[in-house]
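Observations on chain architecture
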Amino acid sequence: TEAQFGADGDIPVTGDFDGDGVDEIAVYRGSKLIIDSNRNYRIDAGDQVLEGGRHRGHPVIADFNGDGTDETVWVESSMRFVEIDPRESGSTAR
C-alpha cells in the first residue's frame with residue numbers, strides 16, 4: 001500500500017503506537033513526531049503529536065517494555081536517551 005503523509009523534508013517512520021497490532025504511519029519533523037492516529041493520511045487535529053521539547057535528537061521507535069505498544073525514545077547527539085511516552089505526562093532522561 002502506498003500513502004502520502006507529511007511534507008518534503010519530513011522523515012517517515014512507522015510503529016504500532018496504539019497497541020492494536022497494526023502499524024501507523026508517522027513523520028518526524030524537527031523535534032516533533034506526528035502520528036497519523038486517525039489513519040486518514042492527512043496531518044490534522046485528529047493526529048497525535050509528540051513533542052521532543054528542548055531535545056533535538058531523532059526518534060527511535062520500538063516496543064521497549066514489551067507491552068505490545070511502541071514507544072518513542074529520542075536519541076540526542078550526546079547519546080542520552082529521553083523517553084517520551086504518550087500515555088504519561090512528562091519525559092524521563094536516561
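Notes on the structure follow. Note that the structure is a prediction, hence the values are computed from the model and not measured. (Residues numbered from 1 in each chain as written. Predicted model: local features only at pLDDT ≥ 70, side-chain atom pairs only at ≥ 80, totals over all residues. Heavy atoms only, no water.)

For strand E2 (residues 24-29) and strand E3 (residues 32-35), the ladder comprises four bridges, and the chain directions are antiparallel. The partner of Ala-26 across the bridge, within E3, is Ile-35. Two successive antiparallel strands, E2 and E3, enclose a turn made up of two residues, where Gly-30 displays a positive phi of approximately 65°. Bridging between E3 and strand E4 (residues 48-51) involves four bridges; their strand directions are antiparallel. When the sheet's bridge partners are listed, Ile-34 is paired in E4 with Val-49. (Pairing = 2+ DSSP bridges. Helix = DSSP H or I, 4+ residues; strand = E, 2+ residues; numbered from the N terminus.)

Attention shifts here to the sheet that holds strand E1 (residues 11-15). A sheet is described by the order of its strands in space; here four strands give the open sequence E1-E2-E3-E4, paired in antiparallel fashion. Each end of this open sheet is capped by a strand with a single partner; those strands are E1 and E4. Averaged over all pairs of adjacent strands, the angle between strand axes in this sheet comes to 25°, irrespective of strand direction. Two strands pair when backbone bridges link them, and E1 and E2 are joined in this way by five bridges, in the antiparallel orientation. Counted as the bridge partner of Val-13 is Ala-26 from E2. (Axes fitted to C-alpha atoms, helices over the stretch in contact; angles between N-to-C directions.)

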